[in-house]
Amino acid sequence: MIYLKPQKCLMACAVLLFFLSNSQAQSKADLNLDQKITGVIKKMTLEEKIEMLHGNALFSSGGVKRLGIPELTCDDGPLGVREEVLRFDWKSANWTTDSATFLPNGSAIAATWNPAMARQYGVVLGQEANARKKIVMLAPAFNICRVPLNGRTYEYYSEDPYLNAQLAVQAVKGIQSQNVAACVKHYAVNNQEVNRNTVNAIVDERALREIYLPAFQAAIQEGNAYTIMSAYNKVNGRWCSENEYLLNTILKKEWGFKGAVISDWAGTHNTVAAANAGLDIEMGSSGPYDQWYFAKPLLAAVKAGKVSVKTIDEKVRRILWVMYHTSMSANHPAGSISTPAHNKAAYNIASESIVLLKNDKFLLPLKTKSIKSIAVIGDNATRTFALGGFGAGVKAKYEITALAGLKNKLGKTADIRFAQGYRANWLASKTLAQNEGYDKPDEALIAEAVALAKTTDVAILFIGSNREYESEGNDRKDLSLPFGEQALVDAVTKANANTIIVVTAGAPYDLNKIKKNNHTIVWSWFNGSEGGNALADVLTGKINPSGKLPFTFPAALKDSPAFALDTYPGDNMTAPYKEGILVGYRWFDTKKIDPLYCFGYGLSYTNFNYAGIKTDKKAYLPNQQVTVNVTVKNTGAVDGMETVQLYVSKAKSVVEKPEKELKAFKKLMIKSGQTANVVLRVPVQSLAYYNVKNKSWTVEPGQYRLLAGTSSRNIKQVAAITVKSK
Ligand code: BGC
């Protein structure tokens, strides 16, 4: 029996009443909306309904003018609101009002390990979408980074479902806080670009539930995402756009999704199968729009009794539900584009995403007082990343390059000179054969770079990839650094003892030789409008780096699961995901394979000491929550942010378990010399595995170890708990 003092009792009652009346008001509002939508549907002809179920231009589906229902307009993400293209053509519409904020790419956001950054990202996207009168933002994209070569790794977040989910939820909430619908994509198991339109991903139920679906589920259930995009590929034999199990059973029935399923562009393959399996809107690139699967053929299918009017009405209901939360909602915000606040958000995200990989000589932060000359070398120092390749980009209002960022910061005190270093000879529109020679060093450019590096106090070498080399539609063929960059690195490193390597890319690369030979390595991303300023601030110490890798960098491609098991890109258009749940670090840790850089890795200009891990109890029931306390002291001379990562490990289990799994994390600023008490919460339910026998989540009783660390391979504190069944 629990006794409450009268005062407390009153308060508890008031809180309860507040929640009850709030939820009653909520369900009343839902009911009213439902009735309103029913009324609208009743007024529509079948033809009008079907107009709403397919694209009528590149980025819109039909409305019903007669009833005041507008078109459903959309645009890409995720890097920002895409420039306006012609209504029926991918060519630019040549507007002068669509220059937008270029936001850091998905893996950059993931590297911040900071849900607040994902939230800021979403708010900017939502506000800019409103300014452009776009109702649906085709973002965020967070397919699991299963294969390090995937051309869209830069768009996606992470190899870990928990990190993915925490960020996806906030990105969705941020976008939708502006009455703009997020369209989470690509549902589901869309993990490679090679054969993406045809590949059949064979994935077992447990891996599906534990690895590939959690972020989608969280985006729907916690983030309340209004729309979702079905992926191009097949999952277990069925196209995602007509996958009854993914769409009707899991998404709509199990998760209670109330919004609309939109197909990826030209990713619909059938009328009746897709309509009955749960697809709501067919989108694509080119007309004639009235011939599409969800246009005249759908009308015919309804007339022939193959698709019921009830099914059509349900689709229209979902679209109207999205509209009443967005374009048809009261007080729809006007939006704004590329404002100082948006630029600041882009800067914040970029500055928290940069990962310090190595700083053995303590060359960083740069001793700006004594450095009088800097050689800035490499194509990536002057390149912008807002556009390129096949993927959606942004017509950036501006983009600060790395060179411009350094000049802004140090131009007055140091002589900064630039050398090209290499030629980025790769176009996504060309084949491998047509791009031949792209990996050859340019000896003349190397000689010029070496000559420059010999004369300066410091050489900063900007290498990596770009938006042509990492692109939608292609996967890379291997992990090697392109454009003869390694030869450039070797030569410049020899010429200047103070050479700093800055890699700009969106996915893992082979840095074996650089890790071995170079003392200073920084990792940056396609980091948005403010990328160059953020990078300069990290290099000079205004910002203490706090980014952590959101995926494993394998030492060799053959070490990573899909290659070790020879399941990529698959034979006969079939990719069996034989590694099951052992994706990313789950594989490397369980199989005891040393990666080049592990998941969660990233250094700081300061050091953090972990101590005193404790849990609030020793034993827990499945419906309880574990509260973990750990103290983290900043023992260095500068303030810094640390991401405390909490992994859970279960040695003995009735099912296969990864060596460890991320279950909580917290990023926080700790001032030099200070100690923070970090509290992490893990619901015992989140320790469950998906039990394929009874198709439910099962918490296994027994001993669990809680591992708190600064990366997945640098565990500092361990606690043990017991989970009891009763
Ligand atoms: C991509 C989607 C994108 C759509 C519209 C497709 O090729 O897979 O992510 O939203 O095009 O541009």
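Our subject is the structure listed above.
All figures in this text were calculated on a predicted structure; none of them were measured in a lab.

Asks: Before we go on, may I ask you to explain the overall build of the protein in this structure?
Replies: When helices and strands are tallied, the protein shows 19 helices and 27 strands. Against the compact-globule benchmark of 27 Å for 726 residues, the protein has a radius of gyration of 26 Å, which places it among compact chains. Each principal axis of the C-alpha atoms in the protein carries an extent, and together these give about 80 × 70 × 50 Å. Per-residue burial for the protein yields a buried fraction of 60% across its 726 residues. When contacts within the protein are restricted to residue pairs at least 6 apart in sequence, long-range pairs at least 24 apart make up 77% of them. Of the roughly 28,000 Å² that the protein leaves accessible, carbon and sulfur atoms contribute 54%. Seen as two clouds, the 86 positive and the 64 negative side-chain charges of the protein have centres 7 Å apart.

Asks: Is there a simple way to think about the environment of Val199 in this case?
Replies: Turning to its location among the elements, Val199 is positioned in the loop between strand 5 (181-187) and strand 6 (200-202). Sequence-wise, Val199 and Pro569 are 370 residues apart; in three dimensions their C-alpha atoms are separated by 8.4 Å. Once you skip the residues sitting within four places of it in the chain, Val199 turns out to touch Gln192, Asn233, Lys234, Pro569, Met573 and Ala575.

Asks: Looking at this structure, how should I read the packing of aromatic side chains?
Replies: Taken as a whole and judged by the stated rule, the model has 31 aromatic pairs. When the centroid spacing of 5.8 Å and the interplanar angle of 70 degrees are considered together, the rings of Trp523 and Trp525 count as edge-to-face. With a centroid separation of 6.3 Å and 75 degrees between ring planes, the pair formed by Phe553 and Tyr597 is classed as edge-to-face. Of this pair, Phe553 sits in the loop between helix 17 (531-540) and helix 18 (561-564) while Tyr597 sits in the loop between helix 19 (585-590) and strand 18 (608-615), and the two are 44 residues apart along the sequence. Members of the aromatic cluster, each reached through a chain of ring pairs, are Trp113, Tyr162, Tyr585, Phe599, Tyr647 and Phe665. For Arg146, the ring lying beneath its charged end belongs to Tyr577, and the centroid distance is 3.6 Å. The side chain of Arg476 reaches across the aromatic face of Tyr509, ending 4.0 Å from its centre.

Asks: Would you take a moment to explain the site of the ligand for this structure?
Replies: Residues in close proximity to the ligand total 14 residues, the closest being Asp76, Arg152, His186, Asp264 and Glu472. A distance of 2.7 Å is found between an oxygen atom of the ligand and a side-chain nitrogen or oxygen belonging to Asp264. Summarising the interface, the protein chains cover 93% of the accessible area of the ligand, which totals 310 Å² for the free molecule. Grouping the constituent residues of the shell around the ligand by class yields six nonpolar, one polar and seven charged.

Asks: Explanation requested: the sheet that holds strand 20 (residues 625-634) in the structure shown.
Replies: Picture the strands of a sheet paired through backbone hydrogen bonds; they go either parallel or antiparallel. As summarised here, the arrangement of the three strands in space is 18-20-23, forming an open sheet in which the pairing is antiparallel. Sheet topology places strand 18 and strand 23 (675-683) at the edges, where each strand pairs with a single neighbour. Taking the axes of each pair of neighbouring strands and ignoring which way they run, one obtains an average angle of 25 degrees across the sheet. In the sheet, strand 18 pairs with strand 20 via six bridges, with the strands oriented antiparallel. Across the sheet, the residue bridging to Thr615 is Val628, located in strand 20.

Asks: Sorry if this is basic, but what is going on with the sheet that holds strand 11 (residues 355-359) here?
Replies: Sheet architecture is open: six strands sit in the order 11-16-15-14-12-13, paired in mixed fashion. The open sheet has two free edges, formed respectively by strand 11 and strand 13 (415-419), since each of these has just one partner strand. Averaged over all pairs of adjacent strands, the angle between strand axes in this sheet comes to 20 degrees, irrespective of strand direction. Where strand 15 (residues 499-504) lies against strand 16 (residues 520-524), four bridges are found, and the strand directions are parallel. Bridge pairing in strand 16 places Thr504 opposite Ser524. Together, strand 12 (373-377), strand 13 and strand 14 (458-464) form the strand contacts of helix 14 (residues 443-453), whose direction differs from that of strand 13 by roughly 165 degrees. Contacts between helix 15 (residues 485-495) and the sheet are confined to strand 12, strand 14 and strand 15, with strand 14 contributing the most and set at about 170 degrees to the helix.

Asks: Quick question: what am I supposed to make of the nonpolar core here?
Replies: With 118 residues, the main nonpolar core has Tyr187, Tyr212, Trp265 and Leu320 as its most contacted residues. The contacts of Tyr212, once residues within four sequence positions are left out, are Ile144, Arg146, Val189, Asn191, Val203, Ala207, Tyr577, Glu579 and Val583. The next biggest cluster of nonpolar side chains, apart from the first, holds 44 residues, and it includes Ala111, Trp426, Phe551 and Tyr597.

Asks: Just checking my understanding: could you explain the packing of helix 13 (residues 402-410) against helix 17 for this structure?
Replies: Any two packed helices are characterised by the angle at which their axes cross and by the distance between the axes. It is the contact of helix 13 with helix 17, at a shortest axis distance of 7 Å, that shows an interaxial angle of 55 degrees. Overall, the two elements helix 13 and helix 17 adopt an arrangement that is oblique. In this structure, the crossing between helix 13 and helix 17 has a hand that is right-handed. Contacts from Ala402, Gly405, Leu406, Asn408, Lys409 and Leu410 in helix 13 reach Gly532, Asn533, Leu535, Ala536, Asp537, Leu539 and Thr540 in helix 17. For the contact of helix 13 with helix 17, the class distribution of residues is six nonpolar, five polar and two charged.

Asks: Could you clarify how one ought to interpret unusual backbone geometry in this entry?
Replies: The phi angle of most residues is negative, glycine excepted, and most peptide bonds adopt the trans form. With an omega dihedral of 0 degrees, the bond running from Gly77 to Pro78 counts as a cis peptide bond. For Pro78, the position within the fold is in the loop between strand 3 (72-76) and helix 3 (106-112). Following Leu364, the chain continues into Pro365 via a peptide bond in cis, with omega recorded as -5 degrees. As for its position among the elements, Pro365 is in the loop between strand 11 and strand 12. A positive phi angle, close to 45 degrees, is found at Asn236, a residue other than glycine. Turning to its location among the elements, Asn236 is positioned in the loop between strand 8 (234-235) and strand 9 (238-239). Since its relative accessible area comes to 39%, Asn236 is described here as partly exposed. Residue Lys592 is not a glycine yet carries a positive backbone phi of 55 degrees. Among the structural elements, Lys592 can be located in the loop between helix 19 and strand 18.

Asks: Sorry, what's going on with the side chain of Ser711 here?
Replies: For Ser711, the position within the fold is in strand 26 (residues 702-711). Take Ser711: its relative accessible area is 4%, and that puts it in the buried class. For Ser711, the side chain forms a polar contact with the main-chain nitrogen of Asn714, separated by 3.1 Å. Not counting chain neighbours up to four residues away, the residues in contact with Ser711 comprise Cys598, Phe599, Gly600, Tyr601, Gln645 and Tyr647.

Criteria and cut-off values
Residues numbered from 1 in each chain as written. Predicted model: local features only at pLDDT ≥ 70, side-chain atom pairs only at ≥ 80, totals over all residues. Heavy atoms only, no water. Helix = DSSP H or I, 4+ residues; strand = E, 2+ residues; numbered from the N terminus. Rg over C-alpha atoms; globule rule 2.2 N^0.38 Å. Buried < 20%, exposed > 50% of the residue type's maximum accessible area, 1.4 Å probe, protein only. Contact = heavy atoms within 4.5 Å. Areas by Shrake-Rupley, 256 points an atom, 1.4 Å probe, with all protein chains shown as cover. Lys, Arg positive; Asp, Glu negative; His and termini not counted. Charge placed at Lys NZ, Arg CZ, Asp CG, Glu CD. Phe/Tyr/Trp six-rings, centres within 6.5 Å; stacked < 30°, edge-to-face > 60°. Lys NZ or Arg CZ within 6 Å of the ring centre and 35° of its normal. Near = heavy atom within 4 Å. Polar contact = N/O pair within 3.5 Å; in protein donor to acceptor, adjacent residues only side chain to side chain. Nonpolar A, V, L, I, M, F, W, Y, C, P; charged D, E, K, R; others polar. Pairing = 2+ DSSP bridges. Axes fitted to C-alpha atoms, helices over the stretch in contact; angles between N-to-C directions. Core = buried A, V, L, I, M, F, W, Y, C linked by side-chain atoms within 4.5 Å. Parallel < 35°, antiparallel > 145°, perpendicular 65-115°, else oblique. Left-handed = near helix turned anticlockwise from the far one by under 90°.

Function-wise, these values are silent; they only describe arrangement.
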